[in-house]
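One-letter residues, chain by chain:
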Amino acid sequence: MEGLIAQIFTTAFLATFIRSLVPLLLTALGGLFSERSGVVNIALDGLIIFGALAGAVVTQVLNPSLGAAAPWVGWLAGMLVGGLIAWIHAVLSIKYRADQVISGTAINLLATGVPAVLLTALYGVSNESPKVENALPLWGVGELRFSPPVYFAFLAVAVTWYVMYRTPYGLRLRATGEQPGAAASMGVNVRRMRYSAVILSGVLAGTAGVFLSIGNLDSYVRNISAGSGFIALAALIFGQWRPLGVLGATALFGLLQALSTYLGGSDLLPPALVSALPYLITILALIFTGRSRAPKALGTPYEG
Amino acid sequence: MTPDFHSRPSGDAARIALIACAVAALGMLLLPLATLGRGFSADAVLLHLTGNVLNLTANQQVPLPPTGAALPLAWAAFAALIATLIGAWQRARWFWITGLLTFVLATATVVLLGAALNEETSRIAADTTLRAGAKRQLRNFYASGGMNMGLFLPALAGLIAAGAGLTFQRRWWETFNRMRGLLVPASAIGLAVLVGALVVLLVQPAVNQSGTPLSLWGGWLAKSDLVYFVYSTLFAPVTALSPLLDSLKIATPLIFTGLSVAFAFRTGLFNVGAPGQLTMGAIAAMLVGVYAPPSLGWGLLLLSVLAAAAGGALWGAIPGVLKARFGSSEVINTIMLNYVASAIFIFMIGSDTFPFLGRTYTQPFKAEGSNPQSELLQPEAQLRPLLEVLNVGQNGTVALSIGLLVALAAFVITRALVRRNRTLIALAAALVLGALTWRIGIPVSITGSQLNGAFLIALACVVLFGTLMWRTAAGYALRAVGLSPKAAEYGGISVARNTILAMTIAGMFAGLAGTHYVNGGALDEYRLKQNMPVNVGFDGIAVALMGQSTPAGVVAASVLFGTIDTGGVIADQKLDKVNNDIVTVLKALIVLFIAAGGFLSRRVTDPPPAALAAAARPETTAPPSPSEAHLERGTPLPNLTRASEENTREGGQ
C-alpha cells in the first residue's frame, strides 16, 4: 500500500494531475461567466469538441505555410469557433427564448455529428484528424512541461476573479444573473451582457478543446472531451459559481481523474470501474451542494 | 395569422403561397426536372424542363425512356404555378384551385415518367441477349430514376398554396388550426433539411463519370441533383416493404427512449439519462435471460422483459430521488449516471479478468473468447422475429397474416364511427376481426427482416403511456407537477413523490429498449454485445421533442428517424464524402430548430386559447370539439427549468 502511495505522488503524477485539471478549469470558468449572467450552459461539452476540432484542423491546414506559428493560429481558431457556436446557443436562448437546457443539448448533439462530417469531407476518415507536425510548444522544467493553455488557465482564474468582483462589467454581469429586471432599470443592457458572457464561455471552452487536441495530444480524436464539459459544469455548481470555488472544485475533480488514470494501470481495482469514479464523486458532490447558491435568474429568459 | 373570414384569403396565407410558388417556379427553371436513370455511384442522367438531357454516367450510349408527354405536362404545371403566383399576389379567391391543379399536373408528370421507366425496366427484363449482371445493373439503373426537385417542388408548392388559399373558409381554417401542433416540428424539419442540403452541396463534389468536364450549368445541375439524391435515399425506405420493416426495426428502440424522454418532459423533468437506463435495462435482461433457471419456460421471457424494465427504472429512480431529496439537477445526474452505466457495461463484458485489491479474478459474465460479449440467451428468453410470428406459412412461402392490418383498420374505422365508449368498442371490434382473419395470409417477398417482438412491446408502452398520462389520477398528478410545481403542491400533490415516480417510469421505458437489443437479437445475436448503440438514448430527446411528447407523435418521429437511419446507410455506400453522420447532424439540427420554436412567430405557435378566441367571437355557436383527448394533448409542454406562473392557467383547465 505504501509502495502504491509513493508510486502515485511523484512529479509525473503532478503533471498528469495538472493536465486533467486544465480543461476542467478553463471550461468551468467559461461556464461561470455564462451562468452568472443567467444562461444555463449545458453545451460546454460540445463547445470543447468544436474548439478541439477547429484547433487541430486549422493547425494541420496552416502548417505548410506558417510552420511553428500554425498552432497559435489554431488556438485562435479554436477560440473563435467556440465563441461562434456559443453565439448560436446565445441567440436561441436569449433572442428566441428557447429552453436553455434543450438548446444546449442540441449543440452537444451537433458536436457528435458535425466533426465526423467535416473530417470525412476533409480527410476521408470520420473519427480522427491527421497528426499535426507542430503542436503547441511545451514550456517548463523536467517532467513538468506544459503547453501555454495551462499557464493561460491559471492566469484566467485570477483575471476572472478580478473581472467578476473588481470591474463594472463583473458587477453588471452578476446583477444580470440575479435580477435582470433591476439591472435593466439601472441602464444595463441585459441582452448584451448575456450575449457577451455566453460567447466568452465558448471562447474559454474552445481553449480547453484546443489544449486537448494540440496542447496535450497532436490530433483531434472522436469523443476527445470524454464528458469534461459535464464534469466542469458539476464543478461549477460544486464551486458555488465563484472563481476560487471553481478552482478548488476542478482541482478535486482533476485529482480524481488523474487518480483514476493511475489506478487504472494498477491492480487495485477494475480499470473500467475506476474510470467511473469521477462521475460517482460528482453525483455525491452535487448532493451536498444542490442548487442553493445558483444565480436567481438562472435558466429564465429575459422578457424585457 | 389572425383568421378573418372574408371572401379572400388573409394576407399571411397569400404571402405563404406566394413564397412557396416563387421558390417552386425558380426551382423548375434552375433544377433538374427528373432523373431518367441512375448508376450505382449516384451518377445520373438528368432531364431539364427545356428538354435538355445531361448524361453523367459512364455509359453515354445508354438508351433512355421516351419523355414525350411528360415535358408538356411539366410546362402545364409551370403555367399553373405562375397562375397561382399571380393569384396569391392579388389575394384572389381562386388561387387554391390553380394550386391544386399544379399539384395534380406535377403528380401526373411523375406518374407518367414512372410508367416510362417501368416500361424500360420490363423491356430489359425481357431482353434475352443481356448477361445477368448487365441486366441487373440496367434494371437498377432505371429503377433508381424518377422525379427530381424540379417536379417535387411544384407539387409541394401546389399543396401549400391550395391549403393556404382554402383558409378563407372557416371549415378549412379550423381544420388547419387543429393541426397547429405540427407547425413547429414541420418547420424545424424543413429548416434542418435546408441546412443539410447546404452541407451536402459544400461537402460532396459533383458525381461525373461521363469523362467530359462539366460546364458551369452542368455542374450546378449535377450538384443540385446530389441534394435530391441524398434526401430521396434517406426517405426512400418508406416506399418498399422490406426497407420499411428495417426502419421499423431501427425505430423500435427509439420509441422506447422517446417515450422515456417524453414522459419526463410531461412532468417538467429533462431525462438525458436514457442511454444509461437503456444499458442497465439490457444488462438486467441479459442476466435473467442467461442465468435464470430454464425450467421457467415462457416465464423466462416474461421475467427477462420485467428485469429490463426494472433495471431501467432503478437507474431512472436514482436521479429522481436525488432531485426530490437533495434538489440536485436531474440533468447533470443523469449524464453522470450514463458514464457510470457505461463503465459497468464495459466492466461486465469488456475483459476476461479483473484485478481487485492486488488479486486477479475471472469475470463471470463475459463469454469465452476475444469478443466483448455476454453468453447466449436461453432460447426461452428470446423474442422471435415478428415475421415468424405473423407468418401463416402456406406451402413454404412467406405469407403474412392480414389479421394485424384488419384489426388496425377496424380499430380506426370503428373509433371514427361510434360516438360513445368508442375506444372500448373499437378495441373489441379490432380484436374480433383480427382473430377472425388471423389465418388468412397474403404472400409477400421480404428478405429476412429482423423486426422482432420488441416492436409489440414498444406499441404496448405507447398505449401504457397514453392511458397512464391521460386516463388515471396518477397521470393527472404527474402532469400537474409538470405544468406548475407550485400550484400542484398547493393543490395537495406531492412534487417530490411525483418526481421520483416520473423518473422511475421514464427509466422503465428506456430500460425496456434493452429487450430489443438483448431478447430481440437486434445486435445480430441473442446476447449483450459491445456494439449496442447507446446513442439511441440521446436520439430519444430529438424524438420526444419532435413528437411534442405525445405517444402518437413519438411513434411518428421514431419511424421517421428509423427511416432516415436506414436510408443513411444506403447514401453512405453510394457517395464517398457523405456518410451516415449527416443523419446525426440532421437530427441535431431538428432539435436545435425545435428549441428555437422553428423560428416561427409566437403569434403563430402560441395563439390565445381556443376558449378565449371563441369568447371573442360572439357570433359563433362554439362547436363541440371533435376529440377532447386531442385538446388535452394539445396543452403546452411544461417548462423544464422553471415553474412559470403563467402555466398555472392551463393547469387549472
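So, how was this worked out
- Residues numbered from 1 in each chain as written.
- Chains lettered and ligands numbered in written order.
- Predicted model: local features only at pLDDT ≥ 70, side-chain atom pairs only at ≥ 80, totals over all residues.
- Heavy atoms only, no water.
- Contact = heavy atoms within 4.5 Å.
- Buried area = accessible area lost by both parts, 1.4 Å probe.
- Salt bridge = Lys/Arg side-chain N within 4 Å of Asp/Glu carboxyl O.
- Polar contact = N/O pair within 3.5 Å; in protein donor to acceptor, adjacent residues only side chain to side chain.
- Helix = DSSP H or I, 4+ residues; strand = E, 2+ residues; numbered from the N terminus.
- Pairing = 2+ DSSP bridges.
- Axes fitted to C-alpha atoms, helices over the stretch in contact; angles between N-to-C directions.
- Buried < 20%, exposed > 50% of the residue type's maximum accessible area, 1.4 Å probe, protein only.
- pLDDT = per-residue confidence, 0-100.
- 1 Å grid on protein atoms, 1.4 Å probe; cavity = no way out; pocket = protein on both sides within 12 Å on 5 of 7 lines; lining within 4 Å.
- Points joined across faces, edges and corners; volume = space filled by probe spheres on them.
- Parallel < 35°, antiparallel > 145°, perpendicular 65-115°, else oblique.
- Left-handed = near helix turned anticlockwise from the far one by under 90°.
- Nonpolar A, V, L, I, M, F, W, Y, C, P; charged D, E, K, R; others polar.

1. Quick notes on the interface of chain B and chain A
Right, on to step 1. Tallying the contact residues gives 49 residues for chain B and 53 residues for chain A.
Right, on to step 2. Each partner contributes to the roughly 4,200 Å² buried at the junction of chain B and chain A, and carbon and sulfur atoms together form 77% of this total.
Right, on to step 3. Here Asp581(B) ties to Arg222(A) by a salt bridge, and the two come within 3.9 Å at their closest N and O atoms.
Right, on to step 4. Between chain B and chain A we count 1 residue pair in polar contact (both at pLDDT 80 or more) in total.
Right, on to step 5. A per-element tally of the side of chain B that touches chain A places helix α12 (residues 330–349) of chain B first, with 12 residues.

2. Here's the deal with the sheet that holds strand β1 (residues 34–38) of chain B
Residues and elements named next belong to chain B.
Right, on to step 1. Spatial strand order, β3-β2-β1-β4: 4 strands in an open sheet with antiparallel pairing. Because the sheet does not close on itself, it has two edges, and the strands there are β3 (53–55) and β4 (146–147).
Right, on to step 2. Examined bridge by bridge, β1 and strand β2 (residues 44–47) share 4 bridges and lie antiparallel to one another. Across the sheet, residue alanine 34 finds its bridge partner in β2, namely leucine 47.
Right, on to step 3. Packing against the sheet, helix α8 (residues 216–235) makes contact with β1, β2, β3 and β4, and its axis sits at approximately 110° to β2.

3. Re the pairing of β2(B)
Residues and elements named next belong to chain B.
Right, on to step 1. Side chains Ala44 and Leu46 of β2 all project onto a buried face; the interleaved residues Val45 and Leu47 project onto the opposite face, where all are buried too.
Right, on to step 2. Here β1 folds back onto β2, and the loop between the two strands holds 5 residues, one of which, alanine 42, carries a positive phi near 65°.
Right, on to step 3. Judged from the 3 bridges that link them, β2 and β3 form a sheet pairing that is antiparallel. In the sheet register, valine 45 faces β3, and the bridge partner there is asparagine 55.
Right, on to step 4. Where β2 hands over to β3, the hairpin turn is made up of 5 residues, of which glycine 51 adopts a positive phi near 95°.

4. A word on the confidence of the model for chain B
All names here are of chain B.
Right, on to step 1. Chain-level statistics for chain B give a pLDDT mean of 83 and a share of 89% at 70 or above.
Right, on to step 2. For the stretch residues 619–632, pLDDT sits under 50, and the model shows 10 contacts to residues farther than four places along the chain or on other chains.
Right, on to step 3. Confidence over residues 641–653 falls short of pLDDT 50; this stretch has 17 contacts with residues more than four positions distant or in other chains.
Right, on to step 4. With pTM at 0.86, the complex prediction returns an ipTM value of 0.91.

5. What to know about unusual backbone geometry
Residue and element names in this part refer to chain B.
Right, on to step 1. The phi dihedral of aspartate 524 falls on the positive side, at around 75°, and the residue is not glycine.
Right, on to step 2. For aspartate 524, the position within the fold is in the loop between α19 (495–519) and α20 (536–546).
Right, on to step 3. One non-glycine residue, serine 549, adopts positive backbone phi at about 60°.
Right, on to step 4. Within the secondary structure, serine 549 sits in the loop between α20 and α21 (551–574).
Right, on to step 5. With a relative accessible area of 0%, serine 549 lands in the buried category.

6. Considering empty space enclosed by the protein
If you roll a probe as big as a water molecule over the atoms, it shows you where there is empty space left.
Residue and element names in this part refer to chain B.
Right, on to step 1. Under the definition given, this model contains 2 cavities of 30 Å³ or more.
Right, on to step 2. In this model, the largest cavity occupies a volume close to 70 Å³.
Right, on to step 3. Surrounding the largest cavity, Ile189, Ala192, Val193, Tyr231, Phe235, Leu560, Phe561, Ile564, Leu586 and Ile590 form its lining.
Right, on to step 4. Elements that contribute at least two residues to the lining of the largest cavity include exactly α7 (183–203), α8, α21 and α22 (581–595).
Right, on to step 5. Here the second largest cavity defines a volume of roughly 30 Å³.
Right, on to step 6. Around the second largest cavity, the lining residues are Ala42, Asp43, Ala44, Leu56, Val207, Ala222, Asp225 and Leu226.

7. Describing the packing of helix α10 (residues 274–291) of chain B against α19(B)
All names here are of chain B.
Right, on to step 1. One way to put it is that α10 packs onto α19 with a least axis distance of 7 Å and a crossing angle of 55°. Relative to α19, the element α10 is oriented oblique. Note on packing geometry: the crossing formed by α10 with α19 is right-handed. Along the contact surface, α10 presents Ala274, Gln277, Leu278, Gly281, Ala282, Ala285 and Met286, while α19 presents Met503, Ala506, Gly507, Ala510, Gly511, Ala513, Gly514, Tyr517, Val518 and Asn519.
Right, on to step 2. Residues that form the contact of α10 with α19 fall into these classes: 11 nonpolar, 6 polar and no charged.

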